[in-house]
Amino acid sequence: MSTKVEQVQHIFRELVERNPSMIVRAPGVVKLLGGELEPSEGWALGGAIEAAVWLAAAPTTDNRVTVHALNFGETAAFQLPHLELFASSVGGNWINYPMGAAWALQKARQALVGMDAVLVSDLPQGAGLGSSTAVTLAFIRAWEALAGFELDTLSRAHLAQKTEADYVGAQAGLLTPFVCAASHANQLIFVDGRTFTHELLPLPPNVSLVLVDSGERGQTAVWQQRARECAEATAVLQPHLPHIKTLRDVSSDELELLGHHLPETLRRRASHVVGECARVQAAATALRDGDLAALGRLLRQSHLSARDNYECSNPALDLLAATAWATLGCVGAKLGSGGFLQVLVEDEAVPQVIEALNKVFVGEYGRTPPSLITKFTNGAGSESASDAS
């Protein structure tokens, strides 16, 4: 990690011709269980990964914000404090995220300062790992450090969501920025999607996460349709269960008793949500007990329900998942967002698991799927550039 700090410091000195005063790292995130439950305010289990956005910054005195985005080979600038609610096309749409972060912070009555910034990322773009959220939180944390104010974790997450939803105009929930902001190294975060109370749960240090890219994309429309179907199922059940606000409030016994009121498709959607709520809570118990075998079983059950009841998988992911489950050293595996399979693996078995996944994928699809090996890391945060060097 120090190598990346030194790299971004060096690039900043070359481009801006002075030293950065601070550096922010904002990681990508995964939601191992329950990520699709956000519209139903369900529980989720996730964490931050090593791939991240890095931001080196120093304040200016003229309220001008200049950002050098190394991944795009572009530089763009804007002026504080007068940011209207619009998405800029200056320098490409990536600049909308720092502009939106400034806009959201000013709406929250925070006084900002100008900055020179260099932005570098090793996060895959558009792959469901929270790359745009990481950029947004990096700038929020940078302004906290440079302008001398401090936000709590949930406020940071709300501001990142506001940036993406209200300024950029993207589909954005609160879970991804919250996981990005609140995660800790070597732990998973168990989040109540209604209250955002959370618990950090230890993962054994000899377990890694392998993300395997099936190459399938375009899930956004599927998630939106599932959210609508869950809302429809809730509306059908509410006359019989007046206390419920979303499907998270429905117990398995209640669904079994009243499921006949739902059309078959809606009954399966509800079955997944109700079951996944229980699985996430059981996974939290398994982590508290150090029971990795139970966690692995829950991940498998989740994938099968996502495939059969939620219908959000695909043949490539199903093939990869079945192969992972059958490979020695795999703790558990299930589909994630963005077409990735998420595989928890004992460290010493990582090469064998990847070899098995590559072999079956090449045999079926004629290509090797990209994979990323990571540990779970700290959430978005800043550190002194001088300390980092």
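The structure we're discussing is the one just above.
These remarks concern the structure in this document. Because the structure is predicted, anything quoted here is derived from the model rather than measured.

A tally of helices and strands in the protein chain yields twelve helices and 13 strands. Taken against the 2.2 N^0.38 rule, which gives 21 Å for 389 residues, the C-alpha radius of gyration of the protein chain at 22 Å falls within 12% of a compact globule. Each principal axis of the C-alpha distribution contributes one length, and for the protein chain these read about 65 × 50 × 40 Å. By residue count, 54% of the 389 residues in the protein chain fall in the buried class. Within the protein chain, contacts between residues at least 6 apart in sequence are counted, and of these 70% link residues at least 24 apart. As presented, the protein chain carries roughly 16000 Å² of accessible surface, and 50% of it is formed by carbon and sulfur atoms. Here the protein chain holds 29 positive side-chain charges and 41 negative ones, and the gap between their average locations is 3 Å.

According to the stated counting rule, one finds 21 salt bridges in the structure shown. Of the charged contacts in the structure, one is a salt bridge between Arg226 and Glu229, with a shortest N-O distance of 3.3 Å. Here the residue Arg226 and the residue Glu229 both occupy positions in helix α6 (residues 220-237), the gap between them amounting to three residues, near one helical turn. Across this residue pair, the class does not change: Arg226 and Glu229 are buried. Residues joined in a network through salt bridges with shared partners are Arg226, Glu229, Glu264, Arg267, Arg268, Arg269 and Glu311.

In this structure, the largest pocket encloses a volume near 1400 Å³. Lys31, Gly128, Gln171, Thr176 and Thr220 are, among the 49 residues lining the largest pocket, the residues nearest its centre. Elements represented by at least two residues in the lining of the largest pocket include exactly β1 (22-33), β5 (115-121), α3 (131-147), α4 (153-168), α5 (175-182), α6 and β9 (330-335). The element best represented in the lining of the largest pocket is α6, accounting for five residues.

Remark: helix α10 (residues 315-325) packs on helix α11 (residues 350-365), axes separated minimally by 9 Å, with the N-to-C direction vectors making an angle of 145 degrees. Here α10 runs over α11; the crossing is right-handed. Contacts between α10 and α11 involve Pro315, Ala316, Leu319, Leu320, Thr323 and Ala324 from the first element and Ala356, Leu357, Val360, Phe361, Glu364 and Tyr365 from the second. Looking at side-chain class alone, the contact of α10 with α11 contains ten nonpolar, one polar and one charged residues.

This part is about the environment of Ser305. Structurally, Ser305 is set in helix α9 (residues 292-308). For Ser305, a relative accessible area of 7% translates into the label buried. Taking C-alpha positions, Ser305 is 43 Å from Val8, a pair spaced 297 residues apart along the chain. The contact partners of Ser305, leaving out residues within four places of it in the chain, are His272, Arg279 and Tyr310.

Another aspect to go through is the pairing of strand β2 (residues 43-59). Within β2, 15 of the 17 residues are buried, which leaves it mostly tucked inside the rest of the structure. In the sheet, β1 pairs with β2 via ten bridges, with the strands oriented antiparallel. Across the sheet, residue Ala26 finds its bridge partner in β2, namely Val53. Relative to strand β6 (residues 187-192), β2 runs antiparallel, the two sharing four bridges.

A few words now on the side chain of Thr374. With respect to the secondary-structure elements, Thr374 resides in strand β11 (residues 371-374). At 2.9 Å, the side chain of Thr374 and the backbone nitrogen of Glu50 are in polar contact. Ignoring any residue separated from it by four or fewer positions in sequence, one finds Thr374 in contact with Ile49, Glu50, Ser208 and Leu209.

This part is about helix α8 (residues 264-289). Taking 1.5 Å of rise per residue, 26 residues should cover 38 Å, and α8 covers 37 Å from first to last C-alpha, within 8% of that figure. Just downstream of α8 lies Gly290, where phi reads positive at about 70 degrees.

Glancing now at the sheet that holds β9. A sheet is described by the order of its strands in space; here four strands give the open sequence β9-β10-β8-β11, paired in antiparallel fashion. The strands lining the two open edges of the sheet, one partner per strand, are β9 and β11. Neighbouring strand axes in the sheet, compared pairwise and without regard to direction, differ in orientation by 20 degrees on average. Both β9 and strand β10 (residues 340-346) contribute to a ladder of five bridges, which runs antiparallel. Paired with Gly332 across the two strands is Leu344, which belongs to β10. Against the sheet, α9 contacts β8 (207-213), β9 and β10, and its axis sits at roughly 20 degrees relative to β9. Against the sheet, α10 touches β8, β9 and β10, its axis set at about 10 degrees to β10.

What follows concerns the environment of Arg64. With respect to the secondary-structure elements, Arg64 resides in strand β3 (residues 64-69). Note on Arg64: relative accessible area 40%, which makes it partly exposed. For the pair Arg64 and Met115, spaced 51 residues apart in the sequence, the C-alpha separation amounts to 6.5 Å. Look past the residues within four positions of Arg64 in its chain and what remains in contact with it is Ala77, Phe78, Gln79, Gly114 and Met115.

So, how was this worked out
Residues numbered from 1 in each chain as written. Predicted model: local features only at pLDDT ≥ 70, side-chain atom pairs only at ≥ 80, totals over all residues. Heavy atoms only, no water. Helix = DSSP H or I, 4+ residues; strand = E, 2+ residues; numbered from the N terminus. Rg over C-alpha atoms; globule rule 2.2 N^0.38 Å. Buried < 20%, exposed > 50% of the residue type's maximum accessible area, 1.4 Å probe, protein only. Contact = heavy atoms within 4.5 Å. Areas by Shrake-Rupley, 256 points an atom, 1.4 Å probe, with all protein chains shown as cover. Lys, Arg positive; Asp, Glu negative; His and termini not counted. Charge placed at Lys NZ, Arg CZ, Asp CG, Glu CD. Salt bridge = Lys/Arg side-chain N within 4 Å of Asp/Glu carboxyl O. 1 Å grid on protein atoms, 1.4 Å probe; cavity = no way out; pocket = protein on both sides within 12 Å on 5 of 7 lines; lining within 4 Å. Points joined across faces, edges and corners; volume = space filled by probe spheres on them. Axes fitted to C-alpha atoms, helices over the stretch in contact; angles between N-to-C directions. Left-handed = near helix turned anticlockwise from the far one by under 90°. Nonpolar A, V, L, I, M, F, W, Y, C, P; charged D, E, K, R; others polar. Pairing = 2+ DSSP bridges. Polar contact = N/O pair within 3.5 Å; in protein donor to acceptor, adjacent residues only side chain to side chain. Expected span 1.5 Å × (residues − 1).

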